[in-house]
Each structure stands twice: as C-alpha cells, then as structure tokens.
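Breakdown of the fold
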Amino acid sequence: IFMLWAGGAVSRPMNIDILCNQVDIAATLLNQLDIPHEEFSFSKNILNPTYRPFAFYAFPNGLGMISPEGNVIYDAGGKTILEQSGQNADSLLIKGKAYLQYLYHDIAKR
C-alpha cells in the first residue's frame, strides 16, 4: 500500500520504500511537522536513522510478523504456522507473540 504526502511536510520530492505499519504514519508525519508524538506509543518515525523496519498484524486467533529478513503467519487457535519465509521465522514468531502480548497489556491498563 502506498502513501502520498504533499504540502508542508514535504521539503523535496522523494520516493521512500520502507517496511512499516500503518500506525507508523502518526509518528512519521508528526515528526516532520515538529509536533510531539510520544502519546502514540506504538508508532515509530520511519525516517529516523535508528528505525528497525517491521510490520505486525493480527487477525482473529492469529498474527503475522514481517521483516526484511522474512515473514511468519501464525494460527494461535491451531497453534500452527500457516506460512513462513526467510531464515528468521522462529525469531519473528517470538517477536510477534511478544508484540501481541504487549498490545493486550497496553489495552488492559487503559
């Protein structure tokens, strides 16, 4: 999915091809406008040089985790990997489960 920015947040034309989540739009755009974005705790500024690209998604009873090194799709109900690619699928699954657990923890404390 692509995104097109125009106006005050754009200093010069460029094409950026970076793996990210849709939640990263908030931190990235707000940072370009010099607006604080700390309240968006899951959003990352994809233009930050220290940004580590990944995308996480959840679906009923499952999750997916994508990185430049590979991807994994996990069915939590069946406790099976539905799809995987790359050499780090096991590591991505652990990170995906941890990310989902942290999401639930964040929701519970609100």
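The coordinates are above.
A short tour of the structure in this document, coming up. Computed from a predicted model, the values in this text were never measured in an experiment.

Moving on: helix α1 (residues 24-32). When we look at burial in α1, the residues that qualify are D24, A27, T28 and L30. Positioned one or two residues after α1, D34 has a phi angle of 55°, which is positive.

The subject of this paragraph is the side chain of T28. You can see T28 is positioned in helix α1. Within the structure, T28 has its side chain in polar contact with the backbone nitrogen of I46 (distance 3.0 Å). Once residues lying within four places of it in the same chain are set aside, the contact partners of T28 are W5, K44, N45, I46 and L47.

Quick look at the pattern of salt bridges now. Going through the model one piece at a time under the given rule, you end up with 3 salt bridges. K44 is paired through a salt bridge with D24; the nearest N and O atoms lie 2.9 Å apart. Taken together, the residues K44 in the loop between α1 and β1 (55-59) and D24 in helix α1 connect sequence positions 20 residues apart. Classification of D24 by relative accessible area gives buried; the value is 1%. Notably, a salt bridge pairs R110 with D106, separated by 2.8 Å at the nearest N-O pair. Overall, the relative accessible area of 68% leaves R110 in the exposed class. Several salt bridges converge on common partners, so that one network encompasses D106, K109 and R110.

Thresholds, definitions, all that
Residues numbered from 1 in each chain as written. Predicted model: local features only at pLDDT ≥ 70, side-chain atom pairs only at ≥ 80, totals over all residues. Heavy atoms only, no water. Buried < 20%, exposed > 50% of the residue type's maximum accessible area, 1.4 Å probe, protein only. Helix = DSSP H or I, 4+ residues; strand = E, 2+ residues; numbered from the N terminus. Polar contact = N/O pair within 3.5 Å; in protein donor to acceptor, adjacent residues only side chain to side chain. Contact = heavy atoms within 4.5 Å. Salt bridge = Lys/Arg side-chain N within 4 Å of Asp/Glu carboxyl O.

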